[in-house]
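Inside the fold
Chain by chain, the residues run as shown.
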Amino acid sequence: MANIVVLGLQWGDEGKGKIVDLLTPSFGVVARYQGGHNAGHTVCLNGRKVVLHLIPSGILHAGTLCVIGNGVVLQPRAFLDEVAELRASGTKIDGNLVISRTTHLIMPYHSLLERINEEMKGARKIGTTCRGIGPAYQDKAARCGIRAGDLLDLGILREKIGENVEEKNSLLGNLGEPLLDAEKIFEEYAGYAGSLKEYITDVPLLLDRKLKEGMSILFEGAQGALLDLDHGTYPYVTSSNSTAGGASTGLGVGPTRIGAVLGVTKAYTTRVGGGPFPTELFEEEGRRLLQRGNEYGATTGRPRRCGWFDALTVAHACRVNGAERMILTKPDVLDGLDEILVCDGYLYKGETLRHFPSESWVLEQVKPSYRAVRGWGEVRGMRDWDRLPQAFRDYVRLIEDLVEARVAVVSTGMERRETILLDQELEGLLDVGAVRAGMQS
Ligand code: IMP
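Residues numbered from 1 in each chain as written. Predicted model: local features only at pLDDT ≥ 70, side-chain atom pairs only at ≥ 80, totals over all residues. Heavy atoms only, no water.

When helices and strands are counted, the protein chain shows 14 helices and 20 strands. Scaling as 2.2 N^0.38, a compact globule of 441 residues should have a C-alpha radius of gyration of about 22 Å, and the protein chain matches this with 22 Å. With the C-alpha coordinates of the protein chain rotated into their principal frame, the extents come out at 65 × 50 × 40 Å. Within the protein chain, contacts between residues separated by at least 24 positions form 75% of all contacts whose residues are at least 6 apart in sequence. (Helix = DSSP H or I, 4+ residues; strand = E, 2+ residues; numbered from the N terminus. Rg over C-alpha atoms; globule rule 2.2 N^0.38 Å. Contact = heavy atoms within 4.5 Å.)

In this chain, Tyr 234 is followed by Pro 235 through a cis amide linkage whose omega measures 5°. Looking at the secondary structure, you find Pro 235 in the loop between β10 (217–220) and α8 (245–249). Backbone geometry at Asp 13 places phi at a positive 60°, although glycine is not the residue there. Relative to the helices and strands, Asp 13 resides in the loop between β1 (4–8) and α1 (16–23). On the accessibility criterion, Asp 13 (22% relative accessible area) is partly exposed. (Buried < 20%, exposed > 50% of the residue type's maximum accessible area, 1.4 Å probe, protein only.)

In the region of the ligand, 16 residues are neighbours, and Asp 13, Asn 38, Thr 129, Thr 238 and Arg 302 sit closest. Asp 13 is positioned such that a nitrogen or oxygen atom in its side chain is 3.1 Å from a nitrogen atom of the ligand. Val 272 places a main-chain nitrogen or oxygen 3.1 Å from an oxygen atom of the ligand. Contact with the protein chains covers 96% of the free accessible surface of the ligand, which is 470 Å². Taken together, the residues that form the shell around the ligand break down as 6 nonpolar, 8 polar and 2 charged. (Near = heavy atom within 4 Å. Polar contact = N/O pair within 3.5 Å; in protein donor to acceptor, adjacent residues only side chain to side chain. Areas by Shrake-Rupley, 256 points an atom, 1.4 Å probe, with all protein chains shown as cover. Nonpolar A, V, L, I, M, F, W, Y, C, P; charged D, E, K, R; others polar.)

Where helix α2 (residues 76–88) contacts helix α6 (residues 182–196), the two axes come as close as 10 Å, and the packing angle between them is 40°. Overall, the two elements α2 and α6 adopt an arrangement that is oblique. Two packed elements cross with a definite hand, and for α2 against α6 that hand is left-handed. Residues Pro 76, Arg 77, Phe 79 and Leu 80 of α2 pack against Tyr 189, Tyr 192, Ser 195 and Leu 196 of α6. Here the residues of the contact of α2 with α6 are counted per class, giving 6 nonpolar, 1 polar and 1 charged. (Axes fitted to C-alpha atoms, helices over the stretch in contact; angles between N-to-C directions. Parallel < 35°, antiparallel > 145°, perpendicular 65-115°, else oblique. Left-handed = near helix turned anticlockwise from the far one by under 90°.)

Right, let's get into the packing of aromatic side chains. Counted by the stated rule, this structure contains 6 aromatic pairs. Here the aromatic residues Trp 376, Phe 392 and Tyr 395 are joined through ring pairs into a cluster of three or more. (Phe/Tyr/Trp six-rings, centres within 6.5 Å; stacked < 30°, edge-to-face > 60°.)

Listed in full, the buried residues belonging to helix α7 (residues 203–212) are Val 203, Leu 207, Lys 210 and Leu 211. The buried residues of α7 occupy an angular sector of 100° when the element is viewed end-on, so they sit on one face. Turned more than 90 degrees from where α7 packs its buried face, Arg 209 and Lys 212 sit exposed. Considering only its buried residues, α7 is in contact with β2 (29–32), β5 (65–68), β7 (97–100), β9 (200–201) and β10. (Arc of directions from axis to C-beta.)

Quick look at the sheet that holds β10 now. One open sheet accounts for 10 strands, arranged β9-β7-β5-β2-β10-β1-β11-β15-β19-β20; its pairing is mixed. Sheet topology places β9 and β20 (419–421) at the edges, where each strand pairs with a single neighbour. (Pairing = 2+ DSSP bridges.)

Pasting the structure below:
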């Protein structure tokens, strides 16, 4: 079977947690390649909700190897807390979870500096999760970051923390902020070193071995394509490459080994934080989606901004990811509406744009043009494509035509079994039988 990237085609929160968990039985390895504990992947197991931030969503399947790649930024406390929570709820973690030696660590000064930076931006703030993600990637690019492998030698760790703290303190001093204590940070991280040691390994080497043994890998994207540092709505983006290219650089697996990309999209759109959002709905209409979709951030609890499906953003996301197939989630949130709108263009300075513009300042000025689709009644919990209302199938075809990608899976509820797999679209990519068997559990 192919090695597949599963990622979001919008601004995150597309329901990737459920999808990765659902598809895991077809793979030996599930690997995260970017982001950090800014992500929130919710999986629902027989009515029990599990929210994962850092650990790949494959962890709920015994026997699956879960990998945190070098493209991730890891906050050790957040990681250890998540491991403890999973263990407390009965998930077995014993040799089936690893962290790359070259994964960068989030340090206490990263979240501190981020808060100061966001405050200074005022109205133009990004609305980040304030988890230190951006500053950790900044240090990586500045070549002063501290990596998981550095925890393996406490002398090196102390030296690196000392150098970093000296630099950060000169900045904090100028801003009149309290200074950092290098020794205190060292003590904290030396403590983590003891607990993390067992997870740290050479991931490119391990994955190469697994591939040669015939295992296949599911590459799990966090956030969404529109939050990608290069291809998203810059500067209102996260600081990593959430698009498919990141899977290769973020794990040390060559692009020749990636077989396909499955893009996850909601039947409407949401976004958290600042930045342009052409199809955003306000007041009653926006609130209805927010409440029916329970659109509150899994990490920060912030209410998500909600709006209609935007074919231009999703088409752009499919293009930059090479995604030919989509997984459609949460259509049931639109159940019972008389009319559903789909954005098919942007009006800008007297013209209609049919492709997503790269500049956020253009996007801030566009007005969406819509196609109206009649409401479909109910699809919640349905499991059979042939029994879906015709109006819903028409909606799916419209999206496919506008986006130029096929729908391969429809998710009609939170539980694994509330899913429709379109076998002809998945053949050769996945072990559909194994996925179906998992849907019964
Ligand atoms: P950061 O990733 O914390 O730097 O935040 C940058 C932007 O990405 C903000 O608008 C966040 O709200 C958004 N963001 C980060 N992670 C997620 C996620 O998992 N889902 C949705 N939005 C996210």
